[in-house]
There are 2 protein chains.
Amino acid sequence: MYRTHTCGALNIKNLKESVTLSGWIQTIRDKGFMIYIDLRDRYGITQLILDETRTPKELMEKARKLGREFVVQVKGEVIERESKNPKNPTGEIEILVSDITTLNTSQTPPFTIEDKTDGGEELRMKYRYLDIRRNPVKNNLIFRSKVAQIIRNYLSSEEFIEVETPYLIKSTPEGARDFVVPSRMNEKQFYALPQSPQTFKQLLMVGGLDKYFQIVKCFRDEDLRADRQPEFTQVDCEMSFVEQEDILNVFENLTKHILKEIKGIEIDTFPRITYDYAMKTYGNDKPDIRFGMKFHELNELMKGEGFPVFDNAELVVGINVENSANYTRKQIDALTNFVKTPQVGASGLVYIKYNEDSSIKSSVDKFYSPEKLKQVCDEFNANPGDLILILCGETNKVRTQLSMLRMELAEQLNLRNPKEFAPLWVVDFPLLEWDEETKRYHAMHHPFTAPKPEDISLLTDKPEQVRANAYDLVLNGNEIGGGSVRIYDKDIQAQMFDLLGFSKEEAENQFGFLMNAFKYGAPPHAGIAFGFDRLVSILGGQETIRDFIAFPKNNSGRDVMIDAPAYISEEQLEELNIKLK
Amino acid sequence: MYRTHTCGALNIKNLKESVTLSGWIQTIRDKGFMIYIDLRDRYGITQLILDETRTPKELMEKARKLGREFVVQVKGEVIERESKNPKNPTGEIEILVSDITTLNTSQTPPFTIEDKTDGGEELRMKYRYLDIRRNPVKNNLIFRSKVAQIIRNYLSSEEFIEVETPYLIKSTPEGARDFVVPSRMNEKQFYALPQSPQTFKQLLMVGGLDKYFQIVKCFRDEDLRADRQPEFTQVDCEMSFVEQEDILNVFENLTKHILKEIKGIEIDTFPRITYDYAMKTYGNDKPDIRFGMKFHELNELMKGEGFPVFDNAELVVGINVENSANYTRKQIDALTNFVKTPQVGASGLVYIKYNEDSSIKSSVDKFYSPEKLKQVCDEFNANPGDLILILCGETNKVRTQLSMLRMELAEQLNLRNPKEFAPLWVVDFPLLEWDEETKRYHAMHHPFTAPKPEDISLLTDKPEQVRANAYDLVLNGNEIGGGSVRIYDKDIQAQMFDLLGFSKEEAENQFGFLMNAFKYGAPPHAGIAFGFDRLVSILGGQETIRDFIAFPKNNSGRDVMIDAPAYISEEQLEELNIKLK
């Protein structure tokens, strides 16, 4: 037996006990006549002590030869500490060492195993197994495991069945690029790794399983933007004989349950807004509503007053930054520069300072009377001390630009409190979006999403106006889940494939099994999927999913620790009947 | 809302309630003046009734147009049945229908949706979504979900952390063939799908995580034997600062917990036998111990008595088939034919009947005196009425042959009771096995398995004699789990790679990251993995894993439902920089 207790277990109640601990050496402080060692394992740190009066000389010498991250087994007696450390659960005691066995040595690690390490991202990824020894990473992984378990238990208690769907499936060109797997036994054919278990969970509904969930890896061979992973984890759910309202209720309750269990936070009914409202009010379909700064459209107030920039713009729209009229010229210039950066792309920024003394100062004083500017302030219900910022341009673009400005200001003003959680539903997404490049419609959610029944008549003539029974769950400015009511009628599904530009053959070839299944009594069904990596990182108060993944890949899709992907042998290629180009 | 209750929920307590149900039409019995409909969903079957006296004519006509597997929503009142069905939880009531809405129609399904269906395996797999509607398949999937949840909750309560390890890793030629995934972003390079998370879980131990588990898909591109799947599910576990004894205890307790929760069976300490004992006594390293028929070696008693077949054999070995002396000539001939089939491969079978009247009759009467034969019977502690069956040949081969005979007899005699559960541990496996074909040693478990400390000195000279700290958990004649104490010393690991014929470069290239990790304080660690598909099927009283997998593949690795694998487009191949040969 390697240990009687973990390094987080002992306290004043264990005084005088003979114990055996095992762990890693965090630090050694050699005071000459006394040696202190911090011994660490997953559960905590326990202080070991050796001193000249009570410890044999050979043992002192042995201890002096130990180094950082050596793995040791220690026997000793629990004694009370002279100077206690109330921050550490084991801080009232220490172990008077009677024996030390070195279980393994260690080279000096390439970075310090401390909460604040000196290791850069790249080094930490290469030695991820050492990085995981650090509390922040270790605790993230434990946290992730706990959230998964809470979700599983909740859904199981609600009679959801966890079903494992296959990983070796069929490539479907719709949507993102698939990872493919050459089949040795089926010459020249390929499996694909699933981008999601979408069609399988729908087939489970056709199979009558009624309530399905799965926490499952999904795969997308995308060019990786920051904080995207080629393999990611989804909490995937589907229900039969439900409408949108049922899904929203069930998964709102799940989310409330998680927030309560994990954060001790009780949240009342989640707000629901439409996609149109979200775009108009936040310029964004995943608004962070922990703070205000809602958009106000100013066409009526500010156009036609002789300011040509606004007069020529499709939309003039602004936000009220409360208590910020004291922004200096320099600060305003910095914001102007921000909106003019290529990634935002605005041509300029107009401000109206509603000063504490109720005077008004604006960058467009020339064009607008003080009364007019006061009217604008009133439109925002602004108070003295507030700052109004205005952009203009083409509707969609200016909304996106103002949304970025709003988020930037929230960061600057510390309005994005990581301890506050503000979920909301965004509903009534458009069914389709027009792709200028390919000159065809794409499914905004996916091709299996049902149009709103009242909009079905528009499908033929005005498809762009058709709203979907699709919904997103947004938390603190991040989409953490999304789903839809599904089409379960084979004719509407065929019409949908047609709208999306699939030929009959393509639809049959790729989704024939689903269309076929719909011939045998498909029930009404709907579902949702949560991005588990994202969910966990937001619950953890962070926004980098990589910190919550044990072995993440870098932006080139590489695992730098194991050095994958890698070349494979000629024999392997031969067996798979493929050649490199 | 599609329903107020499920089809399994209503009973006599709900009398007179107005309810709405949704489900599939199982049967319609049209008696002219009365129509009975069985409505089915995941939860059960509820009987609907329409009759001339209480139902509007139009509704009767509408009901007559419904067909099997139509999806309908029904409104009505709960009434008491005239003739109750005590076997069905809803059997005391029926629904007097007031409205029916057809939610979806159905073609006639290709096989009947009944517990005993008329559909063959192939048809059922093609229409798996219909097969899943059948109780046996549906219940298997629910059962699987339940077992997974029990395992997760148990391990979580024991402070195990579930960590998701990556699916896109690196190909390692050791062991079975990998499935590979061409990387688009890393030209000419490939990921591999994991055969198990072995190295990652060891790295998690190096990372200090201490207790890890994961229920995870694994992949092997093997030529598929019956009842093997290219993707399969493993319950994968690893612990630090443990010895073999700790692992056996923890996972024996897990197994007991599962058996108790799932089957209500309490089992005392599991027996432990060594690999050597298992081979000598059962001819098999995964013995079914629900029944006896232990091997007895008869070289001393039966060789050198003038029966040349035995005299020339390396091993003479037999079993006692209790109460079977009344086997007829025909039955014995059938057994003889069985052992002579190519898959068994014995050259003949010797019997000794110890008759009820204490007389002895044997196929080798000519060569052995009645006293000698009685001595053989005594060796087996046989009683009058028992039948002794003996094979001979080369030790390893004859053991395997006799093991097959033992299992065949157990089947014939119904000794393999699916409701009985007899787990045991097999320990002390050999570290290595010699492969005649490649003229080198293979790791019997895997290359990371630790030799027994007392056998390490044999590593250089007599590697075949080295025993491993490796163990299997066997249940009812199936290996359901296996694992080992791992090497955590980089020098022993290097020696092991050397023994297995890896060059330094190969070892470095394939497992460099692990060898490197071992330089930074690897703790002693050990683990186990359970074959989850197998475990669930055995707990379910069956031995076909396919019945417990939602969407299994056939023996050619094909999913016949979605028709995968499939050809992919030239563009896809182009992007991946590969060509078909």
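Residues numbered from 1 in each chain as written. Chains lettered and ligands numbered in written order. Predicted model: local features only at pLDDT ≥ 70, side-chain atom pairs only at ≥ 80, totals over all residues. Heavy atoms only, no water.

*Asks:* Where do I start with the sheet that holds strand S3 (residues 44–51) of chain A in this structure?
*Replies:* All names here are of chain A. Taken in spatial order, the five strands close into a barrel running S1-S2-S3-S5-S4, and their pairing is mixed. The sheet shows a mean angle of 55 degrees between the axes of neighbouring strands, taken without regard to direction. Pairing analysis gives six bridges linking strand S1 (residues 18–30) to strand S2 (residues 34–41), with the strands arranged antiparallel. The residue bridging isoleucine 25 from the neighbouring strand is leucine 39, located in S2. (Pairing = 2+ DSSP bridges. Helix = DSSP H or I, 4+ residues; strand = E, 2+ residues; numbered from the N terminus. Axes fitted to C-alpha atoms, helices over the stretch in contact; angles between N-to-C directions.)

*Asks:* Looking at this structure, how should I read unusual backbone geometry?
*Replies:* Residues apart from glycine generally show negative phi values, whereas peptide bonds are mostly found in trans. In the segment running from alanine 564 of chain A into proline 565 of chain A, the intervening peptide bond is cis, with an omega of 0 degrees. Here proline 565 of chain A lies in the loop between helix H15 (532–539) and helix H16 (570–575). A positive phi angle, close to 75 degrees, is found at lysine 16 of chain A, a residue other than glycine. A relative accessible area of 68% means that lysine 16 of chain A is categorised as exposed. Although it is not a glycine, asparagine 323 of chain B sits at a positive phi angle of roughly 55 degrees. Here asparagine 323 of chain B is to be found in the loop between strand S13 (315–321) and helix H10 (329–340). Under the relative-accessibility criterion, asparagine 323 of chain B is labelled exposed at 57%. (Buried < 20%, exposed > 50% of the residue type's maximum accessible area, 1.4 Å probe, protein only.)

*Asks:* What is the right way to look at the interface of chain A and chain B in this model?
*Replies:* Interfaces are often described in size by the accessible area the parts lose on coming together. With 120 residues of chain A at the contact, the number on the chain B side is 120 residues. In this assembly, chain A packs against chain B so that about 11300 Å² is buried in total across both faces, 58% of it on carbon and sulfur atoms. If you sort the residues of chain A by the area they bury against chain B, Phe241, Tyr520 and Lys581 of chain A come out on top, with a joint share of 8%. Inspection of the chain A/chain B interface yields 14 salt bridges. In this assembly, chain A and chain B are joined by 74 residue pairs in polar contact (both at pLDDT 80 or more). Ranked by residue count, the leading element in the side of chain A that touches chain B is helix H4 (residues 135–157) of chain A, at nine residues. A breakdown of the residues in the side of chain A that touches chain B according to their chemical character gives 61 nonpolar, 27 polar and 32 charged. (Contact = heavy atoms within 4.5 Å. Buried area = accessible area lost by both parts, 1.4 Å probe. Salt bridge = Lys/Arg side-chain N within 4 Å of Asp/Glu carboxyl O. Polar contact = N/O pair within 3.5 Å; in protein donor to acceptor, adjacent residues only side chain to side chain. Nonpolar A, V, L, I, M, F, W, Y, C, P; charged D, E, K, R; others polar.)

*Asks:* I keep staring at the domain arrangement of chain A and nothing clicks. Help me out?
*Replies:* With domains assigned, chain A is organised as domain 1 (12–104), domain 2 (139–272 + 424–548) and domain 3 (291–415). Taking only C-alpha atoms, the centre of domain 1 of chain A and the centre of domain 2 of chain A are 52 Å apart. (Domains from an automatic or database assignment.)

*Asks:* Would you mind showing me how to read the pattern of salt bridges here?
*Replies:* Any two side chains of opposite charge can pair, given that their charged atoms come close. If you walk through the whole model with that rule in mind, you get 93 salt bridges over all chains. Here aspartate 210 of chain A ties to arginine 3 of chain B by a salt bridge, and the two come within 2.9 Å at their closest N and O atoms. Here the residue aspartate 210 of chain A occupies a position in the loop between helix H5 (198–206) and strand S9 (211–219), and arginine 3 of chain B occupies one in the segment before strand S1 (18–30), the pair thus bridging two chains. One exposure class covers both aspartate 210 of chain A and arginine 3 of chain B, and it is buried. In this structure, glutamate 266 of chain B and lysine 260 of chain B form a salt bridge, with 3.8 Å as the shortest nitrogen-oxygen distance. Its relative accessible area of 63% is what places glutamate 266 of chain B among the exposed residues. Connected through salt bridges with shared partners, the residues Glu121, Arg124, Arg128, Asp131, Arg134 and Arg546 of chain A form a single ionic network.

*Asks:* Even after reading the chapter, I still don't get the packing of helix H4 (residues 135–157) of chain B against helix H15 (residues 532–539) of chain B, so can you show me in this structure?
*Replies:* In a pair of packed helices, the angle between the axes and the distance between the axes together describe the arrangement. All names here are of chain B. At a minimum axis separation of 10 Å, H4 and H15 run at an interaxial angle of 115 degrees. Comparing their axes, H15 and H4 come out roughly perpendicular. The two elements H4 and H15 cross, and the hand of that crossing is right-handed. On H15, the residues touching Phe143, Arg144, Val147, Ala148 and Ile151 of H4 are Phe532, Asp533, Leu535, Val536 and Leu539. Looking at side-chain class alone, the contact of H4 with H15 contains eight nonpolar, no polar and two charged residues. (Parallel < 35°, antiparallel > 145°, perpendicular 65-115°, else oblique. Left-handed = near helix turned anticlockwise from the far one by under 90°.)

*Asks:* In this structure, what is going on with the nonpolar core? I would like to understand it.
*Replies:* General note: in soluble globular proteins, nonpolar side chains tend to be found buried as a group. By size, the foremost hydrophobic cluster in this structure holds 97 residues, and its most contacted members are Ile151 and Phe251 of chain B. When residues in this core are grouped by element, the largest group, eight residues, is from helix H6 (residues 244–263) of chain B. Contact partners of isoleucine 151 of chain B, with chain neighbours within four places excluded, come to Ile215, Val235, Leu254, Ile258, Phe532 and Leu535 of chain B. In terms of nonpolar packing, the next biggest core, distinct from the first, is built from 96 residues, Ile151, Tyr282, Phe448 and Phe548 of chain A among them. (Core = buried A, V, L, I, M, F, W, Y, C linked by side-chain atoms within 4.5 Å.)

*Asks:* Help me understand the packing of H4 of chain B against H6 of chain B, please; the structure alone is not making it clear to me.
*Replies:* Residue and element names in this part refer to chain B. It is the contact of H4 with H6, at a shortest axis distance of 10 Å, that shows an interaxial angle of 140 degrees. The orientation of H4 with respect to H6, classified from their angle, is oblique. Crossing of H4 over H6 shows right-handed handedness. The residues of H6 that touch H4, namely those facing Phe143, Lys146, Val147, Ile150, Ile151, Tyr154 and Leu155, are Val250, Phe251, Asn253, Leu254, His257, Ile258, Glu261 and Ile262. Split by residue class, the contact of H4 with H6 holds 11 nonpolar, two polar and two charged.

*Asks:* Would you mind showing me how to read the packing of aromatic side chains here?
*Replies:* Two descriptors summarise a pair of aromatic rings, namely the distance from one centre to the other and the angle between the planes of the rings. Evaluation of the coordinates by the stated rule reveals 45 aromatic pairs over all chains. When the ring of tyrosine 167 of chain A is compared with that of phenylalanine 219 of chain A, the centres are 6.0 Å apart and the planes differ by 75 degrees; the resulting orientation is edge-to-face. Pair noted here: tyrosine 167 of chain A is in the loop between strand S6 (161–162) and strand S7 (180–182) and phenylalanine 219 of chain A is in strand S9, with a separation of 52 residues, a long-range link. Classification of phenylalanine 219 of chain A by relative accessible area gives buried; the value is 0%. Members of the aromatic cluster, each reached through a chain of ring pairs, are Tyr167 and Phe219 of chain A together with Tyr167 and Phe219 of chain B. (Phe/Tyr/Trp six-rings, centres within 6.5 Å; stacked < 30°, edge-to-face > 60°.)

*Asks:* How should I be thinking about H5 of chain A in this particular structure?
*Replies:* For the α-helix, the turn length of 3.6 residues means that residues three or four positions removed from each other point alike. Counting buried positions along H5 of chain A gives nine out of nine residues, so the element sits mostly inside the fold. Within the sequence span of H5 of chain A, burial applies to Gln198, Thr199, Phe200, Lys201, Gln202, Leu203, Leu204, Met205 and Val206 of chain A. As for H5 of chain A, its buried residues are in contact with S9, strand S10 (231–240), helix H14 (504–517) and strand S22 (525–531) of chain A together with S1 and helix H3 (128–131) of chain B.

*Asks:* Looking at this structure, I do not really get the pairing of strand S3 (residues 44–51) of chain B. What am I missing?
*Replies:* All names here are of chain B. For S3, a buried count of seven out of eight residues is recorded, marking the element as mostly surrounded by other parts of the structure. For strand S2 (residues 34–41) and S3, the ladder comprises eight bridges, and the chain directions are antiparallel. Bridging across to S3, arginine 40 finds its partner in isoleucine 45. Linking S2 back to S3 in an antiparallel pair, the connection comprises two residues. Pairing analysis gives two bridges linking S3 to strand S5 (residues 93–104), with the strands arranged parallel. Following the sheet pairing, leucine 48 is matched in S5 by isoleucine 95.

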